[in-house]
Amino acid sequence: MIDFKIRKAESKDVPDILRLIKELAKYEDMEDQVILTEKDLLEDGFGDHPFYHCIVAEVPSEKQSNNGPVVIGFAMYYFTYDPWIGKLLYLEDFFVMEEYRGFGIGSEILKLLSHTAVKTRCSSMHFIVAEGNQASIEFYKRRGAADLSLEEGWRLFKIDKSSLLKMSSGPEE
Amino acid sequence: MHFKVRAAAKEDCKDISRMIMELAVYENMPDQVKTSHEDLERDGFSPNPFYECLIAEVPDEHKTKDGYTVVGYALYFYTYSTWKGRSVYMEDLYVMPDFRGKGIGTGLMAKVAQVGFMFHCMADPNWNSSIYLPCSLVGVEKQCVRLQLSVLDWNKPSLDFYIAKGAEDLTAKEGWHFLRFHGQTLDTLAKEAPKD
């Protein structure tokens, strides 16, 4: 058993959020791809027009460290739009530090996200997972997630910057 | 053929709704469309819109046999990457069959990318952006150097269209899969959440 609390992130959590973002990127072998800074996160999440929402999981600190609780997990989400069914909740990042897994923290975060989705009139919660990440895929499937790439054939594509620039400077209509 | 790409107005929602259904029919999923033009009006034209939309229209002399001059649309919204920051995601790109092959789809995409660049989305010049589609002008204006989108694996004309513009299949290359919690599974999870 472990004592933990899940709450809405505040601006003071930004350094911890960035730390956990980098840990998740490292878990996905893509640590060098994180270019976001604390300043970006602060402006983009806690300014006049938030681009994302965040919840954090914290545990009481160790006796020998400082007095405050320690943030050991987070989930970042925002709202997107499906023209067929309307508003959706999109889960961008979801991570619990390795030593705190297996205590139900991830489960509680996911339940809170689902509750938020239903409360805000979203008909669905979407996210992407790398097919090599079997542990995460199993975690989601056990809870009823459907793999749309397998079931409906959706594939994710990217277009790089040079191609975008070529498109945007194309002939005017 | 001359055409114009412009930001959608509330009055365009009936046309957008019509074309959303046409795209769903093309994707063999018409029974999955639950939104009405009233939903689109509420969700896209309130103080806090959940999407933005560009439409393509042709002059009256080229209108369709049913009298429509609005012949294409691109629906997009802003997302957030924890690695790179602000992004643009193009959710739908559609041009009516009789108006394809005339640069309208490219024109719509170009406008979306432009908006993205202006909006300070991911200003890393070394970043290989993902095509989240609809962007040409949107992405560039909002400085979104990333555009992402998703395509059904059997949709060869669209796959060819995007690949010709430099799109890369991240599902094939990096193994990304789309998952969702929907309907009953979402409700079941939600009921177990701790009370506020």
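Residues numbered from 1 in each chain as written. Chains lettered and ligands numbered in written order. Predicted model: local features only at pLDDT ≥ 70, side-chain atom pairs only at ≥ 80, totals over all residues. Heavy atoms only, no water.

In the nomenclature of an unreviewed UniProt entry, chain A corresponds to Diamine acetyltransferase 1 from the organism Oncorhynchus mykiss. What the UniProt record of chain A gives under Subcellular location (unreviewed entry) is the line "Cytoplasm". UniProt lists a comment for chain A under the heading Sequence similarities (unreviewed entry), and it reads "Belongs to the acetyltransferase family." (UniProt positions renumbered as here; feature names shortened; annotations may be inferred.)

Below, the discussion takes up the overall build of chain B. Within chain B one finds seven helices and seven strands. Seen in sequence order, chain B has helices and strands lined up from the N terminus as β-α-α-β-β-β-α-α-β-α-β-α-β-α. Per-residue burial over chain B gives 58% buried out of 196 residues. Summarising the internal contacts of chain B: among those between residues at least 6 apart in sequence, 58% fall at separations of at least 24. Per element, the accessible surface of chain B, about 8,400 Å² overall, is 51% carbon and sulfur. (Helix = DSSP H or I, 4+ residues; strand = E, 2+ residues; numbered from the N terminus. Buried < 20%, exposed > 50% of the residue type's maximum accessible area, 1.4 Å probe, protein only. Contact = heavy atoms within 4.5 Å. Areas by Shrake-Rupley, 256 points an atom, 1.4 Å probe, with all protein chains shown as cover.)

Turning our attention to the side chain of Glu58 of chain A. All names here are of chain A. Mapped onto the elements, Glu58 comes out in strand S2 (residues 53-59). The exposure class of Glu58 is buried, given its relative accessible area of 9%. Here Arg7 takes part through its side chain, which lies 3.0 Å from a polar atom of the side chain of Glu58. Not counting the four nearest positions on each side in its chain, Glu58 is found in contact with Asp3, Phe4, Lys5, Arg7, Pro69, Val70, Val71 and Ile72. (Polar contact = N/O pair within 3.5 Å; in protein donor to acceptor, adjacent residues only side chain to side chain.)

Moving on, we get to the interface of chain B and chain A. Listed by partner, the interface residues are 91 residues for chain B and 74 residues for chain A. For chain B, the biggest contributors to the area lost against chain A are Tyr80, Trp83 and Leu179 of chain B; these three give 12% of the whole. There are one salt bridge connecting chain B and chain A. Of the charged contacts in the structure, one is a salt bridge between Arg121 of chain A and Asp43 of chain B, with a shortest N-O distance of 3.7 Å. Linking chain B to chain A there are seven residue pairs in polar contact (both at pLDDT 80 or more). Per element, the largest residue contribution to the side of chain B that touches chain A is seven residues, and it comes from strand S7 (residues 176-182) of chain B. Considered class by class, the residues forming the side of chain B that touches chain A number 47 nonpolar, 21 polar and 23 charged. In terms of strand pairing, strand S6 (residues 146-147) of chain A meets S7 of chain B through two bridges, oriented antiparallel. (Buried area = accessible area lost by both parts, 1.4 Å probe. Salt bridge = Lys/Arg side-chain N within 4 Å of Asp/Glu carboxyl O. Nonpolar A, V, L, I, M, F, W, Y, C, P; charged D, E, K, R; others polar. Pairing = 2+ DSSP bridges.)

Further remarks concern helix H7 (residues 184-191) of chain B. Along H7 of chain B, the residues classified as buried are Leu186, Leu189 and Ala190 of chain B. Down the axis, H7 of chain B shows its buried residues gathered within 100° of arc, on one side only. Across H7 of chain B from its buried face, at more than 90 degrees, point the exposed residues Gln184 and Lys191 of chain B. Buried residues along H7 of chain B sit against helix H3 (105-119) and strand S5 (124-130) of chain A together with S7 of chain B. (Arc of directions from axis to C-beta.)

Three or four residues apart is the spacing at which side chains of an α-helix point the same way, because the helix has 3.6 residues per turn. Every buried residue of helix H2 (residues 38-46) of chain A is listed here: Leu41, Asp44 and Gly45 of chain A. Viewed along the axis of H2 of chain A, the buried residues span an arc of 85°, placing them on a single side of the element. The inward-facing, buried residues of H2 of chain A contact helix H1 (14-27) and strand S3 (70-82) of chain A together with strand S3 (70-81) and strand S4 (85-95) of chain B.

When you line up the elements, His182 of chain B lands in strand S7. As a C-alpha pair, His182 of chain B and Tyr73 of chain B span 109 residues in sequence and 27 Å in three-dimensional space. Every residue in contact with His182 of chain B, bar those within four places of it in the chain, is listed here: Ile85, Ser123 and Ser124 of chain A.

To continue, consider the packing of H1 of chain A against H2 of chain A. Residues and elements named next belong to chain A. At a closest axis distance of 9 Å, the pairing of H1 and H2 adopts a crossing angle of 115°. In this view, H1 runs roughly perpendicular relative to H2, as classed from their interaxial angle. Between H1 and H2 lies a crossing of right-handed hand. Listed contacts from H2 to Val14, Pro15, Ile17, Leu18 and Ile21 of H1 are Glu38, Leu41, Leu42 and Phe46. Here the contact of H1 with H2 is built from residues that sort into eight nonpolar, no polar and one charged. (Axes fitted to C-alpha atoms, helices over the stretch in contact; angles between N-to-C directions. Parallel < 35°, antiparallel > 145°, perpendicular 65-115°, else oblique. Left-handed = near helix turned anticlockwise from the far one by under 90°.)

Residue and element names in this part refer to chain B. Looking at where Arg18 falls in the secondary structure, it is placed in helix H1 (residues 13-26). In this structure Arg18 comes out as buried when scored by relative accessible area, which is 15%. Filtering out sequence-adjacent residues up to four positions away, Arg18 remains in contact with Tyr68, Val70 and Met96.

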